[in-house]
Amino acid sequence: QVQLVESGGGLVQAGGSLRLSCAASGIIFSIYTMGWYRQAPGKQRELLAAITSNGVTKDIDSVKDRFTISRDNAKNTLYLQMNSLKPEDTAVYYCNAEKYPHNYWGQGTQVTVSS
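Our subject in this report is the structure included herewith. Each chain has its residues counted from 1, running along the sequence as written. Under the rules for a predicted model, residues below a pLDDT of 70 receive no local features and side-chain atom pairs below 80 are neither given nor counted, while totals for whole chains, interfaces and linings still include all residues. To get the side-chain values, all heavy atoms of the structure are used, and hydrogens and water are removed first.

## Structural notes on the nonpolar core
Then, number 1: Residues belong to a common nonpolar core when they are buried Ala, Val, Leu, Ile, Met, Phe, Trp, Tyr or Cys residues joined through side-chain atoms within 4.5 Å. Here the term buried applies to any residue with accessible area under 20% of the maximum for its type, exposed to any over 50%, and partly exposed to those in between, with areas from a 1.4 Å probe on protein chains only. In terms of nonpolar packing, the biggest core is built from 28 residues, with Met34, Leu78, Leu80, Met82 and Tyr93 touching the most fellow members.
Then, number 2: Only strand S3 (18-25), strand S4 (33-39), strand S5 (46-51), strand S7 (67-72), strand S8 (77-82), strand S9 (91-99) and strand S11 (109-114) provide two or more residues apiece to this core.
Then, number 3: Tyr93 has contacts with Glu6, Leu20, Tyr37, Arg38, Leu48, Phe67, Leu80, Met82, Gly108, Thr109 and Val111, leaving out every residue within four places of it along the chain. Strands are runs of DSSP state E lasting at least 2 residues, helices are runs of H or I lasting at least 4, and numbering of each runs from the N terminus. Contact between two residues is taken to exist if any of their heavy atoms lie within 4.5 Å; hydrogens are not considered.

## Side note on the environment of Leu11
Then, number 1: With respect to the element layout, Leu11 can be found in strand S2 (residues 10-13).
Then, number 2: Between the C-alpha atoms of Leu11 and Lys58, which are 47 residues apart in sequence, the distance is 27 Å.
Then, number 3: When neighbours within four sequence positions are excluded, Leu11 is seen to be in contact with Thr112 and Ser114.

## Remarks on the packing of aromatic side chains
Then, number 1: Between the rings of Phe, Tyr and Trp (Trp by its six-membered ring), a pair exists once the centres lie within 6.5 Å; its type follows the angle of the planes, with under 30 degrees stacked, over 60 edge-to-face, and the other angles tilted. Enumeration over the complete set of coordinates arrives at 3 aromatic pairs.
Then, number 2: Centroid distance Tyr32 to Tyr104: 6.2 Å. Interplanar angle 40°. Geometry classified as tilted. Linking Tyr32 in the loop between S3 and S4 with Tyr104 in strand S10 (residues 102-105), this pair joins segments that are 72 residues apart in sequence.
Then, number 3: Take Tyr104: its relative accessible area is 24%, and that puts it in the partly exposed class.
Then, number 4: Centre to centre, the rings of Tyr37 and Trp105 are 4.8 Å apart; their planes meet at 65°, and the pair counts as edge-to-face.

## Examining the pairing of S8
Then, number 1: Burial of S8 is extensive: 5 of the 6 residues sit out of reach of the surface.
Then, number 2: Relative to S8, S7 runs antiparallel, the two sharing 6 bridges. Within the sheet, the bridge partner assigned to Ile69 lies in S8 and is Leu80. Note on pairing: two strands pair once DSSP finds at least 2 bridges between them.

## Examining the pattern of salt bridges
Then, number 1: Here a salt bridge means any side-chain nitrogen of Lys or Arg lying within 4 Å of a carboxyl oxygen belonging to Asp or Glu. A complete count under the given rule lists 3 salt bridges for this structure.
Then, number 2: Across the pair Arg38 and Glu46 runs a salt bridge, and its minimum N-O distance is 2.7 Å.
Then, number 3: What makes Arg38 buried here is its relative accessible area of 9%.
Then, number 4: Exposure remark for Glu46: the relative accessible area of 33% places this residue in the partly exposed category.
Then, number 5: Asp89 is the partner of Arg66 in a salt bridge, and the nearest nitrogen-oxygen pair spans 2.7 Å. Placement of the pair is Arg66 in the loop between strand S6 (57-59) and S7 and Asp89 in the loop between S8 and S9, with a sequence separation of 23 residues.

## Quick look at the sheet that holds S3
Then, number 1: The antiparallel open sheet is built from 4 strands, whose spatial order is S1-S3-S8-S7. Each edge of the sheet is formed by a strand with only one pairing partner; in this case those strands are strand S1 (3-7) and S7. If you compare each strand with its neighbour and ignore which way they point, the axes differ by 15° on average.
Then, number 2: In the sheet, S1 pairs with S3 via 5 bridges, with the strands oriented antiparallel. Paired with Leu4 across the bridge in S3 is Ala24. To obtain an axis, a line is fitted to C-alpha atoms, over the contacting stretch when the element is a helix, and the angle between two such axes runs from 0 to 180 degrees between their N-to-C directions.

Everything listed here is a matter of geometry and, on its own, says nothing about what the molecule does.
Right under this line is the structure:
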């Protein structure tokens, strides 16, 4: 059974930092492209950053100066370091694992940034 379990979300003041983690099980983590997405109320889910099995990263322009994706294949864990958080970063953050034809999602973790 595949499980992606996000953690590290919570309430933080604007300007603060959080590090999200996504613990994967049931997959060969190292061969999957992993990604972080978020979905704010009333908005579509959007890709924030992705990292391939070879460690190549893709960052979205709107957050690339503040968010950093990384992975630890030995721990089967994906990370998202988020700095200089803004109220508009408030959303549910999701972990994704993709290797065609498989695509898996975590249950999400809430991040709330207060002004």
